[in-house]
Amino acid sequence: MPKYTVTFRNGISSDKTFDSDFQAINETHRPTATQTGIVQIHRYADGGGTTDVWSASPTGRADRPDA
């Protein structure tokens, strides 16, 4: 399972494991109080580094880069 890092508006990051990018976005954006400040989701690459999966835009609308 791919591992992801979820970054919150307050700058704190949390590592989580999901089956896919789709699941990472859906599971982290359910309307709960603890998930309201998510600004970025990155997937860890096999060889190191990360790939951008989802980022909040400055206008508050979500942008997902092309895969």
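Conventions and cut-offs
- Residues numbered from 1 in each chain as written.
- Predicted model: local features only at pLDDT ≥ 70, side-chain atom pairs only at ≥ 80, totals over all residues.
- Heavy atoms only, no water.
- Helix = DSSP H or I, 4+ residues; strand = E, 2+ residues; numbered from the N terminus.
- Buried < 20%, exposed > 50% of the residue type's maximum accessible area, 1.4 Å probe, protein only.
- Polar contact = N/O pair within 3.5 Å; in protein donor to acceptor, adjacent residues only side chain to side chain.
- Contact = heavy atoms within 4.5 Å.
- Pairing = 2+ DSSP bridges.

### With respect to the environment of D21
Here D21 lies in helix α1 (residues 21–28). Look at D21 and you get buried, because its relative accessible area is 14%. In the structure, D21 is positioned 32 residues away from V53 in sequence and 6.6 Å away in space, judged by C-alpha atoms. Separated by 2.9 Å, the side chains of D21 and R43 make a polar contact.

### A look at the environment of T51
Mapping T51 onto the fold places it in strand β4 (residues 50–56). Spatially, the C-alpha atoms of T51 and Y4 are 9.2 Å apart, while their sequence positions differ by 47 residues. With residues up to four places along the chain from it excluded, the contact list for T51 reads I41, H42 and R43.

### So, the pairing of β4
The pairing of strand β3 (residues 38–44) with β4 spans 5 bridges and is classified as antiparallel. Paired with H42 across the strands is D52, a residue of β4. Following β3, the chain reverses through 5 residues before pairing antiparallel with β4; G48 in that reversal takes a positive phi of roughly 105 degrees.

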